[in-house]
Amino acid sequence: KTARVVRDGREQDIPVEEVLVGDTVLVRPGEKVPVDGIILEGSSSLDESMLTGESLPVSKKAGDEVIGATMNKTGAFTFRATKIGKDTALAQIVKMVQDAQNSKAPIARLTDTISGYFVPIVMVLAVVTFVAWFDFGPQPQLIYALVTSVTVLIIACPCALGLATPMSLMVGIGKGAENGILIRSGEALQTAQSLSTVVLDKTGTITKGKPELTDIVLSEQWSLDGHHLSNADRSDLVLRLAGSVEKSSEHPLAEAIVEGAQARGVRLTSPTAFEAVPGHGVIATAEGRRVVLGNLKMMQREGITPGMLEQAAARLADDGKTPMYVAVDGQAACVVAVADTVKADSAEAIAALKRMGIEVVMITGDNHRTAEAIGRQVGVDRVLAEVLPEDKAHNVHLLQAEGKKVAMVGDGINDAPALAQADVGLAIGTGTDVAIEASDITLIKGSLKGVVTAIEVSRATMRNIKQNLFGAFVYNSLGVPVAMGVLFPFFGLLLSPLLAGAAMAFSSVTVVGNANRLRGYQPRFHVK
């Protein structure tokens, strides 16, 4: 909660609240950027995932904008504060969440509508019954009029109507909790059954949200000191060298390579003569060999020709992956690729949503090439890429303007305004507290299958509510005429107030029993 500012030529730590526009602020590796600003001196890689949701760090240099609350990863830099307090990007997102929550209209319940007409109609019928029996009934007319009018009021008591909705909602919300779905309100459960579009954030929702080593493409021309090794041996060797070099790097992509090598059982060594070249890559010596690892600019800088590896790198980039060249002793050895991989069950869940007749849209701040590649992998046809955090809610609003009931599924701070704007916001339980707070439904297990299950539970609950309302309405529609004495002229039958009370209680028991049938409901699409 403090910032290191330079005032009168001296560095001093002050509370973030005391930073002024125009102050020069110093940020070291591992520290959070306190406020928004423009870099004056230095360069670094910043983790902006808490705001943008994208897992890969962003390189920043002099003249670039930095956002408050993002994490500085590698280098130190100074910047000039341009926005503070409520004007920062994070504060604006929080304000947008509040605005969206305040503007969300309450859903009118079906029972309220029915009761609004039903109760006054029953009162009128009771009065009509009294007058009819008092004027035209047999002796003693007053007794018959009182008994029949009271019977009408008893049998028409809307207990069943009152229980129809809350009982089913209670059981439905409990059934959601059994399946790892926390539903905040009956409104959210009711709205979820009529969804027509589901908008999915990419990072952390469809994908794991963490870079992983995905590919190793070897150069056919590369050999080690003229020795002809098998592809498996060459792959292990180059991965061992690359992982050893990256052990000394703090870059998240380096961490992915190291973890990938260790997961494959490769033993890494400590490198020497390590040198990081900002924006290009790293150079080090491992096992007595000079290893260069980085992008195409790094290869050009070192005078190394990638050859056929350049085509492999382009293909990997088209698949939404980040390719890096590895050169050993001045020879291009391979391309390794790192990517934020798709969760195992994402494609299956998206296919299930489509079968339910729901349009699936993916939204991300990532570039078009990466977004389209992920979309192809999981079967999403409509992809909205390069969407800024503040524009996600606007895109949800545009879908709503098309007359669609929209659900938003996300996990990051950047998703919070869109979660609040959507008709139903579903937050991944492994995401940020801000996203969970802005949502209507929380998916504890972090799986997209939870979205399908939530909609299934919602639809089953609403079916149950409608059955309850129909039963209660039919009961009253048949019971009230009998209580009024419609059968008396034909069969001499008149309903006793005691029997009317028993029938009224039985209707309530029927509604409660039907609601409890939901306890045995099993969604077709389980979250394992």
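These figures come from a predicted structure and were not determined experimentally.

Asker: Outline the nonpolar core, listing residues and values.
Answerer: Judged by nonpolar contacts, the single largest core of 57 residues is most densely connected at V198, I206, L426 and V451. The greatest single-element share of this core, amounting to 12 residues, is contributed by helix 17 (residues 449–484). Once you skip the residues sitting within four places of it in the chain, V198 turns out to touch L353, I358, E359, V360, V361, A407, V409, V451 and I455. By size, the runner-up hydrophobic cluster in this structure holds 29 residues, among which are L213, L224, L268 and V328.

Asker: Run through the pairing of strand 4 (residues 36–42), naming residues and quoting values.
Answerer: Here strand 4 pairs with strand 9 (residues 77–83) via 6 bridges, running antiparallel. Bridging across to strand 9, D36 finds its partner in K83. Relative to strand 7 (residues 65–66), strand 4 runs antiparallel, the two sharing 2 bridges. If you follow I38 over to strand 7, its bridge partner there is E65.

Asker: Talk me through helix 14 (residues 389–401); I want residue IDs and the actual numbers.
Answerer: Those residues of helix 14 not exposed but buried are P389, K392, A393, N395, V396, L399 and Q400. Axial view of helix 14: buried residues confined to an arc of 155 degrees, hence all on one face. Phi turns positive, to about 90 degrees, at G403, one or two residues after helix 14.

Asker: So what's going on with the domain arrangement of the protein chain? Residues and values would help.
Answerer: Assigned domains of the protein chain: these are domain 1 (2–87), domain 2 (99–159 + 460–520) and domain 3 (211–341). The straight-line distance from the C-alpha centre of domain 2 to that of domain 3 is 77 Å.

Asker: Please set out the pattern of salt bridges residue by residue, giving values where relevant.
Answerer: Under the definition given, this model contains 22 salt bridges. Taking the shortest distance from any N to any O, the salt bridge between R4 and D13 comes out at 3.5 Å. The salt bridge partner of R382 is E402, with a shortest N-O separation of 3.9 Å. Pair noted here: R382 is in strand 19 (residues 382–384) and E402 is in the loop between helix 14 and strand 20 (406–410), with a separation of 20 residues, a long-range link. Overlapping salt bridges bring together E359, R382, E402 and K404 as one network.

Asker: Describe the confidence of the model for the protein chain, with residues and values.
Answerer: Per-residue pLDDT for the protein chain averages 83, and the proportion of residues at 70 or more is 92%. Here residues 100–108 is modelled with pLDDT under 50, and outside its nearest four sequence neighbours on either side it reaches 15 contacts, counting other chains as well.

Conventions and cut-offs
- Residues numbered from 1 in each chain as written.
- Predicted model: local features only at pLDDT ≥ 70, side-chain atom pairs only at ≥ 80, totals over all residues.
- Heavy atoms only, no water.
- Core = buried A, V, L, I, M, F, W, Y, C linked by side-chain atoms within 4.5 Å.
- Buried < 20%, exposed > 50% of the residue type's maximum accessible area, 1.4 Å probe, protein only.
- Helix = DSSP H or I, 4+ residues; strand = E, 2+ residues; numbered from the N terminus.
- Contact = heavy atoms within 4.5 Å.
- Pairing = 2+ DSSP bridges.
- Arc of directions from axis to C-beta.
- Domains from an automatic or database assignment.
- Salt bridge = Lys/Arg side-chain N within 4 Å of Asp/Glu carboxyl O.
- pLDDT = per-residue confidence, 0-100.

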